[in-house]
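Topology and contacts: notes
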Amino acid sequence: MNGLSRYFFYFVTLSILINAILFVPRILMDERYEGAILSMIIGSIIGGVCMYIFTSAMMRFRGKGLPEILKHTLPKIVSTPLLLLLGSVSFISGALVLINYAFIVHRYLIPESPIYVLLILFVVVASFGALQSTNTVLYSTELVLILSLPLLLFSIIKAYTNPNMNFDEVRAMIDYTWILPNWKSLSVSTYAVTGYISLSIFNRAFTGFQTLRHRWAIPCLGFSILLTAFFVPIGILGTDGVNDYIYTWVSTADWIRMKYAFIERVGSEMISGCLPGGLPNTASINSVLPNAISCAVFGIGTVVVGSWLGEDDSLIGMSR
């Protein structure tokens, strides 16, 4: 597998795992009797089609990120607001991840620590990762996944072979497979496989002729992880028992760790793409300073919002 394919799979896998632990299971659990299973099937297909279209378009612009593409193909009056919108959405997505991980650490590891302290620490780490060069983020992501995936696979195997895993509960849910889903469950299932959007920035690192192979495996991977994130908590906690937990998957396997700074990297690069004089993929002050300012602004916003919200509020916001 060439470099482009390898790193692309890394980011897509990382995005799927993050969503499978935080937002997706809770929302799908709420809709488990209202078409959640069928939404995972349809959502994976829709996500796969969108992924194929987006990546095919990006591969036509070797060595360029989405900010450069938009700035060269659209008038400034259109490209600048669009980049601001895309960057803000990426930052908000990353902020929600940071806020919910802070709640997880606060609840399960160090409950005596104020939530704002954890948020500040997470924001500092994520901002540090967002300010690194593209190659540094790529190599760090590869290292994190190589170290984490064996433990994660071992955890999944142990979950399926756990004596407390009640497959009767799983079989009971299969009866609801062909119920048509609503928009909420369908959208969250599609959102789970949106890690391919990271190519909008990291496409800069791939300038030579490289093909993106095995894209067909992305929706299959996403569907498999969604099924695991959905059925394992149901099998262990019960079809009705899952309502008693905010973070259903964390309650099932609370040891899983994840790296998330690449989300902020995408957001900071989108925002800095609106500004003149920035040189992507360099360590010049013109490139680092806009990223640092945007990370600082959204980092402060993350700490303020996360300190103000409760655990239920953060998840409710994602479900709307």
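Conventions we followed
- Residues numbered from 1 in each chain as written.
- Predicted model: local features only at pLDDT ≥ 70, side-chain atom pairs only at ≥ 80, totals over all residues.
- Heavy atoms only, no water.
- Patch = residues over 30% accessible without salt bridge, like charges linked within 9 Å, V, L, I, M, F, W, Y side chains within 5 Å.
- Areas by Shrake-Rupley, 256 points an atom, 1.4 Å probe, with all protein chains shown as cover.
- Salt bridge = Lys/Arg side-chain N within 4 Å of Asp/Glu carboxyl O.
- Helix = DSSP H or I, 4+ residues; strand = E, 2+ residues; numbered from the N terminus.
- Buried < 20%, exposed > 50% of the residue type's maximum accessible area, 1.4 Å probe, protein only.
- 1 Å grid on protein atoms, 1.4 Å probe; cavity = no way out; pocket = protein on both sides within 12 Å on 5 of 7 lines; lining within 4 Å.
- Points joined across faces, edges and corners; volume = space filled by probe spheres on them.
- Axes fitted to C-alpha atoms, helices over the stretch in contact; angles between N-to-C directions.
- Parallel < 35°, antiparallel > 145°, perpendicular 65-115°, else oblique.
- Left-handed = near helix turned anticlockwise from the far one by under 90°.
- Contact = heavy atoms within 4.5 Å.
- Core = buried A, V, L, I, M, F, W, Y, C linked by side-chain atoms within 4.5 Å.

1. Points about a nonpolar patch on the surface
- Together, L74, I77, V78, L82, L85 and V89 make up a nonpolar patch on the protein surface, roughly 520 Å² of accessible area in all.
- When you line up the elements, L82 lands in helix α5 (residues 76-108).
- Taking the relative accessible area as the measure of exposure, L82 reaches 30% and is therefore partly exposed.

2. A closer look at empty space enclosed by the protein
- Taken as a whole and judged by the stated rule, the model has two cavities of 30 Å³ or more.
- In this model, the second largest cavity occupies a volume close to 40 Å³.
- Those elements giving two or more residues to the lining of the second largest cavity turn out to be α1 (3-21) and α10 (199-202).
- In terms of residues, the lining of the second largest cavity owes the most to one element, α1, which gives four residues.

3. Observations concerning the packing of helix α2 (residues 23-30) against helix α9 (residues 183-191)
- Direction vectors running N to C along α2 and α9 enclose 155°, while the axes themselves pass 10 Å from each other. Overall, the two elements α2 and α9 adopt an arrangement that is roughly antiparallel. The handedness of the crossing between α2 and α9 is left-handed. Of the residues in α9, those touching α2 at V24, I27 and L28 are K184, S185, V188 and S189.

4. Considering the side chain of E142
- Relative to the assigned elements, E142 resides in helix α7 (residues 134-160).
- Non-local contacts of E142, meaning those with residues more than four positions away in its chain, are made with R6, Y7 and Y10.

5. Some words on the nonpolar core
- Ranked by size, the top nonpolar core spans 56 residues in total, and within it F8, L22 and Y101 carry the most contacts.
- For this core, the elements supplying multiple residues, two or more each, are α1, α3 (36-58), α4 (66-73), α5, α6 (115-130), α7, α10 and α11 (217-237).
- Take this core: its biggest share by element is 13 residues, from α1.
- Of all hydrophobic cores here, the second largest spans 18 residues; its members include L28, M165, M173 and I234.

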